[in-house]
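# Inside the fold
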Amino acid sequence: MADKRDMVQIEALEKYFGEDKERVHVLKGVSLNIPEGSLYTFLGPSGCGKTTTLRCVAGLERPDGGRISIGGHTVFAFGERVYVPTNKRPIGMVFQSYAIWPHMTVAENVAYPLTIQRRSKAEIRQRVGNVLKVVGLDGLEDRPAPKLSGGQQQRVAFARALINEPKVMLLDEPLSNLDARLRVQMRSEIKALQRRTSITTIFVTHDQAEALAISDQIAVMHGGKLIEIGSPHQLYNRPKRRFTATFLGLTNLIDGKVLEVDGDSRPGKMQTKKGILSFIPAPGLKKDQAAVISIRPENIPVHKEKPQSLDNVVEGTVKEAIFMGDAYHCKIAVGDDLLAVHTHPFNAISPGDKVYLHLDPKSCNGLPAEDTEGVDESILGD
Amino acid sequence: MRRFNSQALILVGAILFVLYLAGVPLVMLLYGSIRSAPIGEPGAAYTIQNYVKAYFEKEFYFLLLNSIYFGIGTCTLTFLIGTFLAWVSERTNTPFKKLFVVMSLIPFIIPGILSTIAWILLLSPKIGLINIVVKGLLGLESAPFNIYSMWGMIWAEAIHLYPLVFLLMSAAFRNMDTSLEEAALTAGSSTFATFWRITLPLMRPAMFSVLLINFIRGIEAFEVPALIGVPAKISVFTTKIFLAIHQFPSDFGLAGAYAVTLLVISTTGVLIYGRITRREERYATVTGKGYRPRVIDLGVWKYATLAVSFAIFFLAVILPVFVLLWSSFIPYYGVPSRELMDKMTWANYHYILNYPLALTAFKNSFYLSVGSATLVMLLTSIIAWVTVKTKLPGRALLDNMTFVPIAMPGIVLGVSLIWVYLTLPIPIYGTIWVLLLAYITKFMPYGIRAASASMIQINKELEEASLTAGGTWFQTFRKVILPLLMPGFTAGWIYISIIALRELSTSILLYSYNSTVLSIMAFDLWEGGQYTYVCALGVLMVLLLIAMAFAARKLGARLGIAN
Ligand SMILES: Nc1ncnc2c1ncn2[C@@H]1O[C@H](COP(=O)(O)OP(=O)(O)OP(=O)(O)O)[C@@H](O)[C@H]1O
Ligand SMILES: [Mg+2]
């Protein structure tokens, strides 16, 4: 599994917090490999252990089991009692609060990693100048750090993390303290910066839109476990787990039982309350297994007349149609269920209309219904 | 319209009252220090003679040096003890650290005069328990420790004052965003470099303000200089002022000149302190939700920190309490032994309870403590309401004036009030009323702090919800504001009643036979050499304090929840 080109390797990471009765199991055997030069995102709901995993990589937290290596060097191994302290790891980190030292100027903050190594004044000045140019802060060298705006503080934090040319950049929700507009702008800047420097970057967020927009790879986490890893495209369009489908964007779930399945490349058939539907099965789905079909609202074409030549067509009544500008967001009653459907804005639709929904088999992902492995039950409730 | 008028009326009334409490003594002190003769005497004129007499004496500079020496020693030692304990309890994995807060708060309950007495009983070269025991154990010729020295004074003061440092530094450690340190670690600096370049500079404003506040408290201190410094012939400003008034004939002018000097020093300190803490607030950085406490795993060293911490608590709490208790049960002072143990008796308590003045003192202290705490909290609640909840012009002035007495050392306030009530035609000098006014003045700043802190927490909408539900303003105040204020009010009340009950430095200049209070009685018994009686009185005082704090908590909880 381990590949030479993997910059960070995490194996069976375990972490507990608290003592005695208050002891909680926060990381439950997390394993993943982060390819060199990629922008890799940890995504999951609040409290799922993203930050903890990141801090274990940084050495700020000492895991209770497992192994971590960076660039082929083991930095932590539980069994062998290997633990490389934070300051000896080839990392740069941007904190959620930015952690800009208020008693230093911009230049002093950024130069810190070099000052620690006792580099020459001239070298420091030059490299600080360069890195500030990269993050777009040239000219602000002598500004006291507290007198910066949120966006500027964040750039300083980036510059400070970058200046030492780390092998791995660790970003813990770096955008969450910015306002919405700036967040989108910084998001593309981070991506561009990462492309340019091709430093392996781990990005932690609980915002799925952010994760989809920025990442090469996403690791979806929940309740201290890894749920699924994949590219944004894969995870959004072909999730393998029910949690991934519901956590990333909006989706409709239709319960059923698998009637026919033949590998995961050919469509299967499922018995649902809406009739027999074809779907693309997730790997490992078996005949007679309880399953769900997940289909995104934007992948459901709406027809006023019953299309004769198509499979997977169901009949429904429009209950609600809200014009959003770029689409109509509709709630359509099919049997006892309400399906969310987004239609083209030219396609005028109003409550009470009788419509036919084409649940295109290519967009129907058949997923195991019982998906409690690593998933906190309470989240599955809705 | 009527609402506005009643608000304005409250504001004007409060301003006048606070002005009277805080402003008049200041003016009278300055006035008195430039008069040639005591007030009321014919032929008094304006003069700078008092200052000339004060400043051109060589003794003045000894006083200044001693005061500064004592202040610096006290603030350094309290700082070391308090910061160490705060660091251990906030930043390390030392076992039992949850107990630290309780242990650190106990010295608050022990009045300064009692703790001073306890340390004399422990470290006096002749009768000090520790000296006798160590001498016996090591076979020494002379006593190893001498409390009657500058170092003895500093020790006795510091071991009593460190809880404040502990609380302030704990807060400073707690409020520091630890990702600032973690950022340094990820930037490649070692734990030590991180401490040196990041932690220390960030804590510097907090540390400096803590040092400063303890320096001021050291300079203002009265109990230790009076009980230890005077016999040791080490004079500081506070004792000099006291002696200038207690000599015969009293030299009010000279006392005034010294008091003004001390006031200038402490006011300067308070002003600098205010500036630093304001800057500190600006220094505060955004702590996002990424905040978590960073606890250092000390490994086996955690037993060392545990041992040192408990050694400190042993010295600060257990030893003094033990020596007071022990001495209160024995007929004459001595080292615990079989023989003395057999002689243990209730006689000291009998004596105190039958002492003619004791009942008066208990009553006065109780009334003063309960009365001043209640009045201060009522007054400052109104002031806090004006300053926090209204937009009336003049509210900032009111807030500042309420704070003025914080810069007045107790003995200076005493001198000022002598001048006020010897001059003004208000015949309360020598009565319990002048003490009550003095206490209210002195404790107003603490009250306003507690009251505005809890007033700020009460969201305007909570009030408005009650008004829209049809409640009148008065009902709203009683059913909504008051219960919400209650926890802060109770905390302030307890604190003030405790410090009022042990107040000595102001009372000692203002009391008369009929208005004696417990701390004065303890002082007089001690001066009379009746050590065991003082200890019995002290134990009773502490019990009274505990009972009052307990009752206040119970009552506060009932009022706060039941309504
Ligand atoms: N120092 C700590 N002591 C005790 N519990 C902790 C500590 N740090 C984290 N936890 C717990 O561990 C779990 C995982 O925390 P973590 O910070 O990794 O979550 P996260 O995925 O980063 O969440 P968020 O999106 O809210 O930042 C949470 O339940 C949290 O309460
Ligand atoms: Mg987090």
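Residue positions are counted from 1 within each chain, in the order its sequence is given. Starting at A for chains and at 1 for ligands, labels are handed out in the order in which the entities are written. In keeping with the model being predicted, local features are shown solely for residues with a pLDDT of at least 70 and side-chain atom pairs are shown and tallied solely at 80 or more, while totals for entire chains, interfaces and linings include all residues. Remark: hydrogens and water are excluded; side-chain values derive from all non-hydrogen atoms of the structure.

Helical segments are the DSSP runs of H or I of at least four residues, strand segments are the runs of E of at least two, and each set is numbered from the N terminus. Counting its regular elements, chain B contains 24 helices and 0 strands. Its C-alpha atoms put chain B at 80 × 75 × 50 Å along the principal axes. Burial analysis of chain B (563 residues in total) assigns 53% to the buried set. Chain B carries 39 positive and 24 negative side-chain charges, and their two centres are separated by 7 Å. When a residue's accessible area, from a 1.4 Å probe over protein chains only, is under 20% of the maximum for its type it is buried; when over 50% it is exposed; and in between it is partly exposed. Charge assignment: positive for Lys and Arg, negative for Asp and Glu; neither His nor the chain ends contribute. Note on charges: their place is set at NZ of Lys, CZ of Arg, CG of Asp or CD of Glu.

We now examine the overall build of chain A. What chain A contains, in helices and strands, is 9 helices and 21 strands. Principal-axis analysis of the C-alpha atoms gives chain A an extent of 75 × 50 × 40 Å. The buried share among the 382 residues of chain A stands at 51%. Within chain A, residue pairs in contact and separated by at least 24 positions form 64% of the contacts whose partners lie at least 6 positions apart. Roughly 17700 Å² of accessible area belongs to chain A as shown, and the carbon and sulfur atoms make up 49% of that amount. The criterion used for residue contact is that any of the two residues' heavy atoms lie within 4.5 Å. Surface exposure here means Shrake-Rupley accessible area, sampled with a 1.4 Å probe, where a residue is shielded only by the protein chains that are shown.

What follows covers the sheet that holds strand 17 (residues 313-323) of chain A. All names here are of chain A. The rule for pairing is simple: two strands pair if DSSP sees at least two bridges between them. Taken in spatial order, the 5 strands of this open sheet run 16-20-17-18-19, and their pairing is antiparallel. Edge positions in the sheet fall to strand 16 (302-303) and strand 19 (337-343), since each has one partner strand and no second. Bridge count for strand 16 against strand 20 (residues 354-358) is 2 bridges, and the pairing is antiparallel. Within strand 20, the position partnered with His303 by the bridge is Tyr356.

The phi angle of most residues is negative, glycine excepted, and most peptide bonds adopt the trans form. In the segment running from Phe248 of chain B into Pro249 of chain B, the intervening peptide bond is cis, with an omega of -10 degrees. Looking at where Pro249 of chain B falls in the secondary structure, it is placed in the loop between helix 11 (237-246) and helix 12 (252-283). Positive phi values are uncommon outside glycine, yet Arg118 of chain A reaches one of about 55 degrees. Phi at Asp288 of chain A takes a positive value of approximately 70 degrees, unusual for a residue other than glycine. Looking at where Asp288 of chain A falls in the secondary structure, it is placed in the loop between strand 14 (275-281) and strand 15 (290-295). By relative accessible area, which is 48% here, Asp288 of chain A ends up partly exposed.

Attention now moves to the domain arrangement of chain B. Residue and element names in this part refer to chain B. Assigned domains of chain B: these are domain 1 (1-31 + 350-563) and domain 2 (63-345). Segment limits for the domains were obtained from an automatic or database-derived domain assignment. For domain 1 and domain 2, the distance between their C-alpha centres works out to 26 Å. Across the boundary between the two partners, domain 1 contributes 33 residues, which contact 39 residues of domain 2. A buried area of about 3200 Å², summed over both sides, lies between domain 1 and domain 2, and 83% of it is on carbon and sulfur atoms. When a carboxyl oxygen of Asp or Glu is within 4 Å of a side-chain nitrogen of Lys or Arg, the pair counts as a salt bridge. At the surface where domain 1 touches domain 2, the tally comes to 0 salt bridges. Mapped onto the side of domain 1 that touches domain 2, the elements with two or more residues apiece are helix 1 (2-33), helix 18 (410-423), helix 22 (507-510), helix 23 (518-527) and helix 24 (531-562). For the side of domain 1 that touches domain 2, the leading source of residues is helix 24, giving 11 residues. Tallied by class, residues from the side of domain 1 that touches domain 2 come to 28 nonpolar, 4 polar and 1 charged. When two components associate, each loses some accessible surface as probed by a 1.4 Å sphere; the sum of these losses over both components is called the buried area. Nonpolar residues are Ala, Val, Leu, Ile, Met, Phe, Trp, Tyr, Cys and Pro. Charged residues are Asp, Glu, Lys and Arg, and all others, Gly as well, are polar.

All names here are of chain B. Mapping Glu503 onto the fold places it in the loop between helix 21 (473-501) and helix 22. Classification of Glu503 by relative accessible area gives buried; the value is 4%. In terms of polar contacts, Glu503 uses its side chain to reach the backbone amide nitrogen of Thr506, at 3.0 Å. If near-sequence neighbours (up to four positions away) are discounted, Glu503 is found in contact with Tyr439, Lys442, Phe443 and Ser519. The definition of a polar contact used here is a pair of N or O atoms within 3.5 Å, where within protein one atom must be able to donate a hydrogen and the other to accept one, and adjacent residues in sequence count solely through side-chain atom pairs.

Let's shift gears to the confidence of the model for chain B. Averaged over every residue, the pLDDT of chain B is 86; residues scoring 70 or more account for 93%. For every residue, the pLDDT score states the predictor's confidence, bounded by 0 at the bottom and 100 at the top. Taken together, the stretch residues 285-291 of chain B has pLDDT below 50 and engages in 18 contacts with residues farther than four places along the chain or on a different chain.

Contacts between the two partners involve 28 residues from chain A and, on the opposite side, 26 residues from chain B. A buried area of about 2300 Å², summed over both sides, lies between chain A and chain B, and 60% of it is on carbon and sulfur atoms. For chain A, the biggest contributors to the area lost against chain B are Asn87, His103 and Tyr112 of chain A; these three give 23% of the whole. For the pair chain A and chain B, the interface holds 6 residue pairs in polar contact (both at pLDDT 80 or more). Elements represented by at least two residues in the side of chain A that touches chain B include exactly helix 1 (50-58), strand 7 (91-94), helix 2 (106-116) and helix 4 (150-162) of chain A. If one sorts the elements of the side of chain A that touches chain B by residue count, helix 2 of chain A sits on top with 4 residues. For the side of chain A that touches chain B, the residue count by class is 13 nonpolar, 11 polar and 4 charged.

Between 30 and 60 degrees the pair is tilted, below 30 it is stacked and above 60 it is edge-to-face, where a pair is any two Phe, Tyr or Trp rings, Trp via its six-membered ring, whose centres lie within 6.5 Å. Inspection of the entire model under this criterion finds 30 aromatic pairs over all chains. Aromatic rings pair up to connect Tyr51, Tyr55, Phe60, Tyr61, Phe237 and Tyr258 of chain B into one cluster. The ring centre of Tyr83 of chain A lies 3.9 Å from the NZ or CZ of Arg62 of chain A, which sits over that ring. Here, over-ring charges are defined by two tests on the NZ atom of lysine or the CZ atom of arginine: distance to the ring centre within 6 Å, and angle to the ring normal within 35 degrees.

This brings us to the sheet that holds strand 7 of chain A. Residue and element names in this part refer to chain A. In spatial order, the strands read 7-8-9-3-10-11; together these 6 strands make up an open sheet with mixed pairing. Of all the strands in the sheet, just strand 7 and strand 11 (225-230) have a single pairing partner and so form its edges. Here the average twist between neighbouring strands, direction ignored, is 20 degrees. Summarising the sheet, strand 8 (residues 168-172) and strand 9 (residues 200-205) pair through 5 bridges and their orientation is parallel. Considered in strand 9, the bridge of Leu171 is made with Phe203. The axes are straight lines fitted to the C-alpha atoms, using for helices just the contacting stretch, and the angles between their N-to-C directions are given from 0 to 180°. Strand contacts of helix 1: strand 3 (39-43), strand 7, strand 8, strand 9 and strand 10 (217-222), with the helix running at about 150 degrees to strand 8, the strand carrying the most contacts.

As assigned here, chain A comprises domain 1 (6-237) and domain 2 (250-370). Between domain 1 of chain A and domain 2 of chain A, the C-alpha centre-to-centre distance is 39 Å.

Here the focus is the pattern of salt bridges. All names here are of chain B. As enumerated under the stated definition, the model contains 17 salt bridges over all chains in all. A salt bridge links Glu181 to Arg91, with the nearest nitrogen and oxygen atoms 3.3 Å apart. One end of the pair, Glu181, is in helix 8 (residues 179-186); the other, Arg91, is in helix 3 (residues 58-91), and 90 residues separate them in sequence. Residue class for Glu181 comes out buried when judged on its relative accessible area of 8%.

Residue and element names in this part refer to chain B. Distance thresholds for patches are 9 Å for like charges and 5 Å for nonpolar side chains (Val, Leu, Ile, Met, Phe, Trp, Tyr), applied to residues having over 30% relative accessible area and no salt bridge. On the surface, Val101, Val102, Leu105, Ile106 and Leu167 cluster together into a nonpolar patch covering about 350 Å² of accessible area. If one sorts the elements of the nonpolar patch by residue count, helix 4 (residues 99-109) sits on top with 4 residues. The topology assignment puts Leu105 in helix 4.

Let us look at the side chain of Thr92 of chain B. All names here are of chain B. Relative to the assigned elements, Thr92 resides in the loop between helix 3 and helix 4. By relative accessible area, Thr92 is classed as buried at 0%. A distance of 2.6 Å separates a polar side-chain atom of Thr92 from the backbone oxygen of Val88. Leave out the neighbours within four places in its chain, and Thr92 touches Trp87, Lys97, Val295, Ile296 and Leu298.

For the rest of this paragraph, the subject is the packing of helix 5 (residues 112-123) of chain B against helix 6 (residues 129-138) of chain B. Residue and element names in this part refer to chain B. At their nearest, the axes of helix 5 and helix 6 sit 3 Å apart, and the two run at 20 degrees to each other. In terms of their interaxial angle, helix 5 and helix 6 are classed as roughly parallel. In contact with Trp119, Leu121, Leu122 and Leu123 of helix 5, helix 6 contributes Leu129, Ile130 and Asn131. Looking at the contact of helix 5 with helix 6, its residues break down into 6 nonpolar, 1 polar and no charged. Here roughly perpendicular refers to angles of 65 to 115 degrees, roughly parallel to angles under 35, roughly antiparallel to angles over 145, and oblique to all remaining angles.

A few words now on helix 3 (residues 121-135) of chain A. Residues and elements named next belong to chain A. Across its 15 residues, helix 3 extends 21 Å between first and last C-alpha, which sits within 8% of the 21 Å expected from 1.5 Å per residue. Every buried residue of helix 3 is listed here: Ile124, Arg127, Val128, Gly129, Val131, Leu132 and Val135. Those residues of helix 3 that are buried are in contact with helix 2 and helix 4. Remark: Gly136 follows helix 3 within two positions and exhibits a positive phi of approximately 75 degrees. What a helix is expected to span follows from its residue count: subtract one and scale by 1.5 Å.

A few words now on the pairing of strand 18 (residues 328-334) of chain A. A regular strand places its side chains on the two faces of the sheet in alternate fashion. Residues and elements named next belong to chain A. Burial runs high along strand 18: 5 of the 7 residues are buried. Where strand 17 folds back on strand 18, the antiparallel hairpin that results is connected by 4 residues, among which Gly325 adopts a positive phi of roughly 95 degrees. Note that strand 18 and strand 19 share 7 bridges and pair antiparallel. Following the sheet pairing, Ala333 is matched in strand 19 by Leu338.

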